Structures are given as structure tokens and as C-alpha cells.
Amino acid sequence: MNRLLLAVAVLATLLVSATSEFDFYKLSLMWPPSVCNVGKECIPDIPKMFTIHGLWPQYGDDRPVPPYNKDPSCADITPVSSADAMSQLRFIEGELTKYWPNLFTIDGKRDDQFFWRHEWESHGMCSNYPHDPFGYFYKAFSLTTQYNPLEVMGIQPGDELHKVGTILETVRQNLGAYPQIACNTLPGTADRWKIRQLWEIRFCFNRAELLSVLRDCPNKLAGTCSEETDLIRFPPNPFY
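So, here's what we can say about the structure. (Residues numbered from 1 in each chain as written. Predicted model: local features only at pLDDT ≥ 70, side-chain atom pairs only at ≥ 80, totals over all residues. Heavy atoms only, no water.)

Secondary structure assignment for the protein yields 8 helices and 8 strands. Taken over 240 residues, the protein has a buried fraction of 47%. Considering only contacts within the protein whose residues lie at least 6 apart along the sequence, 71% involve residues at least 24 apart. On the protein, roughly 12300 Å² of surface is accessible, and the fraction owed to carbon and sulfur atoms is 54%. (Helix = DSSP H or I, 4+ residues; strand = E, 2+ residues; numbered from the N terminus. Buried < 20%, exposed > 50% of the residue type's maximum accessible area, 1.4 Å probe, protein only. Contact = heavy atoms within 4.5 Å. Areas by Shrake-Rupley, 256 points an atom, 1.4 Å probe, with all protein chains shown as cover.)

Here's what the structure looks like:
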């Protein structure tokens, strides 16, 4: 009986360990016009390119890994605090300000570090880099410069509508893997005529210390897009 109980305990431990391990990363890039035209108060002169939302550890079924403050078991060591993490970013602050801005104002002012702290606490602490905030943020920045959505989606901002499935297939042809397309919807439009728009494109990567291998995202669609036949707008930047 004792051996049986021991075997059950070992099996339970293995199962817990297996489920706590995340499977891949998702690099989420936002299109600023779609973020800022839905009633949010954004910074003046929003960027004319996709900007970083975050680099997120995900389980195999595409569930996000919970933040460290909700489940400390995600990290083998105590992660660097968000305050200390910010001090490590001074060497790349210029690049992050450009590629990872906080599009939303905080008390009427721009505060990029508020966004960076949030992403570190929500995702970075449970990544492969809990001891290395610089490595985590630098990797997200470098991947963003390597995979420019405007070069691989086959479409440019404008007023025309595009089929989501066509965008997905074009990216797969150009990169060899399906991304995830996340949509949002312009407020105030009747249900029958809701205008969906490209909100984010997300690239998925195999888990590794040095992220480099793209993989298919488990779910191709997110947000208000539910079918690959959905038509979406890729709104132009009002400051072009």
C-alpha cells in the first residue's frame, strides 16, 4: 500500500511539473490606429509602424502563463523586481521608446515605463529570463525588427476590406508559419454592419533561450474575428 501511495504521489508530482511548463512564446504586435480609434486616449502622433504589446509565455493549448504574483511556481528563482528591471533597460531605452511605447496616456502624460513594468510583471517574470530583464526586452525588440508585419502580410493600410484568411495564408507563405490575427471592432456601429479591423498580429516561437524558430500559432484568430472569411479593415494612420 505504501508503495502504491508513493507511486501515486510521484505521478502527481510529474503531472503538476508537466502542466506548469509553458510551451511557446507569442510576440504580439499592435497596429496603433486600430488601438487608438476605439475611444482610448492615446499619445499624440502615434507611431507609423506596428509596436510591441508583449512577449508572452503560453501553454500548448494557447493559455497564457499566469503572472508570477498569482503563481510563483512559474519561476525556479525569485525574478528581478520591476524596479530593478527598469534600471537594466537604460542601455536600450531609446529603442524601446520607439518600438515598445505605451500608446495610452497616464494622467494625461506619456509613461512608457508603466507599460514595461506591467509586461515584465505579467509575462517576463515567468519567461526564460526571470533573472535577465535586459535579455527579455532586447529579444522582443530584436524579433520585432526582424519580422515586420508590413513586409509579410501582403497588404498596406487603407480603406479597403481584406479577408482574414488571405492575410494568414500570405504570412504563412512568406514566413513558413501561421500567425494569429487579433481583431477589434469600431464602436457605435450597428451589429449588422460592424466594422472589424486588424488590431494585432502575433507571431509564435518555439520555447528556447535564444528565440528564433517560428511555429504555427495554435489559434489563428482572436478578438472579434471568429472566421477566416471575416472581412477586416487595416486603417491608415491619421498622421500619415
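Now for the state of the cysteines. In the structure shown here, the tally under the stated rule is 4 disulfides. Counting its disulfide-bonded cysteines in sequence order, the protein shows a connectivity of 1-2, 3-4, 5-8, 6-7. (Disulfide = S-S within 2.5 Å.)

We now examine the packing of aromatic side chains. Within this structure, the stated rule accounts for 14 aromatic pairs. One aromatic cluster is present, formed by W100, W120, Y129, Y136 and F137 through successive ring pairs. The ring of F104 is capped by K40, whose NZ or CZ atom sits 5.5 Å from the centre of that ring. Looking at R207, its charged tip hangs above the ring of F22, at a distance of 3.7 Å from the centre. (Phe/Tyr/Trp six-rings, centres within 6.5 Å; stacked < 30°, edge-to-face > 60°. Lys NZ or Arg CZ within 6 Å of the ring centre and 35° of its normal.)

Attention now moves to unusual backbone geometry. A positive phi is found at D45, a non-glycine position, where the angle reads about 50 degrees. Structurally, D45 is set in the loop between α2 (32–36) and β2 (51–58).

Once that is clear, we can look at helix α8 (residues 164–175). Between its first and last C-alpha, α8 extends 17 Å over 12 residues, near the 16 Å set by a 1.5 Å rise per residue. Turning to α8, its buried residues are V164, G165, I167, L168 and V171. Viewed end-on, α8 has its buried residues packed into an arc of 160 degrees, placing them on one side of the element. Lining the buried residues of α8 we find α7 (149–152), β3 (161–163), β4 (180–185), β5 (196–206), β7 (221–223) and β8 (231–233). (Expected span 1.5 Å × (residues − 1). Arc of directions from axis to C-beta.)

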